[in-house]
Amino acid sequence: MSENEKVPAKQKLRAVVDQVYQNAWDAKKRGEPVGWSSSKFPAEIAETLGLAVCYPENQAAAISAKHGGQRMCEHAEAMGFDNDICGYARINIAYAAGYEADEKPMPQPDFVLCCNNICNCMTKWYENLARIHNIPLIMIDVPFNNTVEVSDAQVAYIRGQFDDAIKQLEEISGNKWDEKRFEQVCANSNRTAKAWLKVCSYCQYKPSPFSGFDLFNHMAVVVTARCKVEAAEGFEELAEELEQNVKSGKSTWRYDENHRIMFEGIPCWPQLQALFKPLKEKGINTTAVVYAPAFGFVYNDMDEMMKAYCKAPNSVCLETGVEWREGICKENKVDGILVHYNRSCKPWSGYMPEMQRRFRKDLGVPVVGFDGDQADPRNFSEAQYNTRVEGLFEVMEEFNAKKGGKDNE
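Every chain is numbered independently, its residues counted from 1 as its sequence is written. Only residues with pLDDT of 70 or above have their local features reported here, since the model is predicted, and side-chain atom pairs are shown and tallied only from 80 upward, although totals for entire chains, interfaces and linings are computed over all residues. Side-chain measures here rest on the full set of heavy atoms in the structure, leaving out hydrogens and waters.

**Digging into the overall build of the protein**
Alright, step 1. Each helix and strand counted, the protein has 16 helices and eight strands in total.
Alright, step 2. As a reference, a globule follows 2.2 Å times the number of residues to the power 0.38, and the radius of gyration itself is taken over C-alpha atoms. The globule rule puts the C-alpha radius of gyration for 409 residues at 22 Å, and the 21 Å found for the protein is close to it.
Alright, step 3. Along the longest, intermediate and shortest principal axes, the C-alpha atoms of the protein span 70 × 50 × 50 Å.
Alright, step 4. Residue burial is assigned from relative accessible area. The probe radius is 1.4 Å, only protein chains are included, and a residue is buried under 20% of its type maximum, exposed over 50%, and partly exposed in between. Taking all 409 residues of the protein together, 56% fall into the buried category.
Alright, step 5. Here, two residues are considered to be in contact whenever any of their heavy atoms come within 4.5 Å of each other. Sequence-distant contacts in the protein: of pairs separated by 6 or more residues, those separated by 24 or more amount to 79%.
Alright, step 6. For the area figures, the Shrake-Rupley method with a 1.4 Å probe applies, and any residue is considered shielded solely by the protein chains shown. Counting every atom, the protein has about 17,500 Å² of accessible surface; 48% of that belongs to carbon and sulfur. The way it works is that DSSP assigns letters per residue, a run of H or I at least four long becomes a helix, a run of E at least two long becomes a strand, and they are numbered from the N terminus.

**A few points about the layout of surface pockets**
Alright, step 1. A pocket here means an open set of points on a 1 Å grid, computed over the protein atoms alone, that has protein on both sides within 12 Å along at least five of seven lines. A cavity is instead a set of points where a 1.4 Å probe fits but cannot get out; residues with an atom within 4 Å of a point line either one. Grid points are joined across faces, edges and corners, and a volume is the space filled by probe spheres set on the points. Empty space within the largest pocket amounts to approximately 1,200 Å³.
Alright, step 2. Every residue lining the largest pocket is counted, 40 residues in all, and those nearest its centre are Lys-10, Arg-14, Asp-214, Asn-217 and His-218.
Alright, step 3. Looking at the lining of the largest pocket, the elements that each hand over two or more residues are helix H1 (9–29), helix H3 (56–65), helix H9 (212–224) and helix H10 (229–248).
Alright, step 4. At nine residues, the largest contribution of residues to the lining of the largest pocket is made by H9.
Alright, step 5. We call Asp, Glu, Lys and Arg charged. Ala, Val, Leu, Ile, Met, Phe, Trp, Tyr, Cys and Pro are nonpolar, and the rest, Gly among them, are polar. Residues of the lining of the largest pocket, tallied by class, amount to 21 nonpolar, nine polar and 10 charged.
Alright, step 6. Lining the second largest pocket are 25 residues, with Leu-197, Pro-293, Ala-294, Gly-296 and Trp-324 sitting closest to its centre.
Alright, step 7. Only helix H8 (179–201), strand E6 (284–289), helix H12 (302–310) and helix H13 (318–331) provide two or more residues apiece to the lining of the second largest pocket.
Alright, step 8. No other element matches the four residues that H13 contributes to the lining of the second largest pocket.
Alright, step 9. Split into classes, the residues belonging to the lining of the second largest pocket amount to 15 nonpolar, five polar and five charged.

**Examining the sheet that holds E6**
Alright, step 1. If DSSP finds at least two bridges between two strands, the strands pair. The four strands lie next to each other as E6-E5-E7-E8, forming an open sheet whose pairing is parallel. A strand with exactly one partner marks an edge of an open sheet, and here the two such strands are E6 and strand E8 (367–372). Sheet twist, expressed as the mean angle between neighbouring strand axes with direction ignored, is 30 degrees.
Alright, step 2. In this sheet, E8 lies alongside strand E7 (residues 336–342) in parallel orientation, the contact comprising six bridges. Bridge pairing in E8 links Asn-342 to Gly-372.
Alright, step 3. Axes here refer to lines fitted to C-alpha atoms; in helices the fit is confined to the stretch in contact. Angles between the N-to-C directions go from 0 to 180 degrees. Helix H11 (residues 272–282) rests against strand E5 (259–264), E6, E7 and E8 of the sheet, and its axis sits at about 120 degrees to E6.
Alright, step 4. Contacts from H13 reach E5, E6 and E7, with the element oriented near 160 degrees to E5.

Structure follows, in structure tokens:
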């Protein structure tokens, strides 16, 4: 690449993630404490206090994508952890216990940060990490939202834990809380979130300038580095590239766009190629996903920040979940939905049958589901998946014919 040739945003974003892990290794060498954090723990706290943090979910996804997931899951099962437990948890617990993973190594933790807004499996997972290493566990409990709005009582409850987490991490880090530094970190986080959501929004164009699977590739950045200005800059550049793609008619999706679908759920990281193959063969582009924009935390003040961290896909009521998804489907003009019944994520998959019913009723589009797993390849059948995609394609074609073809939509 020549000096005048611009580095693509995706390369810059990949470098941001690499730097997060390098910072952790460097901190470990200096004798500084390094933490492991659940992906939706308020990252602003550790960043303000200058603590290096790694993310087990990101590590587990990377190990799985490089086909090391089954090996690590089997290690955890040999330790006595049931194969019905989340694959991410099994992979990470095995790594914490000393089983090597060259696919994505990271330094062992001196403390762990857990927030159960993802699911309550996180609580037991991180308790086991703390037990294995005999290290502090800093926990923020986020109640399930039974209503659409987050109550003032919930905000106060979470704020109290937030303040307590700051005190604990001040002791661990040896640093004092700096309110001005916190304000800057929050500004960086909001800038990253807004740029990320803008990137996600480009799926609305027909044809789309990219595939929704591209968003899965970029998610590591918004998980591990959303408080860093480099992440915001990278996503802003990516949004600019997508804007140019729209104007020029270019796309990272290099196949026919006969149909547009929502992919519901976390992808099967070990089988990304298997997921993608029948879609490209049928000209089915994924233009809507829920998992990626769910990390776009935007807020203006502390109360809004608490509310933002309450709104993870597994911690909101059914009505909110349906509204999110149907809004994305309408905005991104989908004509079908592919649902991943994820063996590793039972809270997410548990209310999918009702969501499928609602999607069919409210959106009038065909919906099919397939069985899989975000990390353990033993729970995925390529033959079943291909059959379901074929069925979805046939019904979308039938619906399209009844509407008089695409030219008359």
